[in-house]
Amino acid sequence: FQLCIFCGLRRGETVALLWSDVNMSDKTVSVTKSTAIVAGKPLTKAPKNKTSERVISIPDHIIKLLKRYRLEYNTYRLSIGSQWMERSDKEEYIFIQWNGAQMYPSTPYNVFKDVLHRYNHTHSEPLPDIPLHGLRHTSATLLISQNVDVRTVSNRLGHAQTSTTMNIYSHSLQSKDESAAGALEDLL
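Criteria and cut-off values
Residues numbered from 1 in each chain as written. Predicted model: local features only at pLDDT ≥ 70, side-chain atom pairs only at ≥ 80, totals over all residues. Heavy atoms only, no water. Pairing = 2+ DSSP bridges. Helix = DSSP H or I, 4+ residues; strand = E, 2+ residues; numbered from the N terminus. Salt bridge = Lys/Arg side-chain N within 4 Å of Asp/Glu carboxyl O. Buried < 20%, exposed > 50% of the residue type's maximum accessible area, 1.4 Å probe, protein only. Phe/Tyr/Trp six-rings, centres within 6.5 Å; stacked < 30°, edge-to-face > 60°.

Draft legend 1. Representation of the sheet that holds strand β2 (residues 28–31) within the structure. Read across the sheet, three strands follow the order β1-β2-β5 without closing on themselves; strand pairing throughout is antiparallel. The open sheet terminates on both sides in strands that have one partner only, identified here as β1 (22–23) and β5 (54–57). In the sheet, β1 pairs with β2 via two bridges, with the strands oriented antiparallel. Bridging across to β2, N23 finds its partner in T28.

Draft legend 2. Structural view of the pattern of salt bridges. Evaluation of the coordinates by the stated rule reveals nine salt bridges. Its salt-bridge partner being E92, residue R77 comes within 2.4 Å of it at the nearest N-O pair. With R77 in helix α3 (residues 60–80) and E92 in the loop between α3 and α4 (107–122), this residue pair connects regions lying 15 residues apart in the sequence. Residue E92 is classed as buried on the basis of its relative accessible area of 2%. Three or more residues joined by partner-sharing salt bridges are found here, namely R10, E13 and R54.

Draft legend 3. Structural context of the packing of aromatic side chains. Overall, the coordinates contain seven aromatic pairs when judged by the stated rule. Ring geometry for Y69 and F95: centres 6.3 Å apart, planes at 20°, overall stacked. Residue Y69 is found in helix α3, and its partner F95 is found in the loop between α3 and α4; the two are separated by 26 residues along the sequence. The exposure class of Y69 is partly exposed, given its relative accessible area of 26%. Owing to a relative accessible area of 18%, F95 belongs among the buried residues under this scheme.

Now the structure itself:
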């Protein structure tokens, strides 16, 4: 979920990530593929469009989480021995099933919804019941609210055109426009 919100990843892009897609020293993740369900089976292929292939900078705390998770992953892998689906180091999925196989694309959505529902049943101020894809929208909206330029937000999301980003997030951009009008009024 951290990668989804901090990188603005789509569900299929998330489950298609390999350990070789993460560059810990450069603090980046390369999005080069996506997994979808085709004829009832997962299929990993090139992402939605050419601009969906991208390299995204990730913050230090995500690197720390990934390093800690990699240690747990390796320990678990050794603990199940021959049941692990052997792959080369360059082909190991980050998000896996119990035996090292790629996580099924619907799993992150289902787990996210379960986490939200459990949280909301135990807290007086519930979180909004959004789909997993809502983390991608939250990422973009927060970046826009922090005055990150639309081109950068568009690149992080893998949109082919900034107009796509502007159309989807026009509500956030409208509030920025209103702030700009207020700033000019105060200045002049």
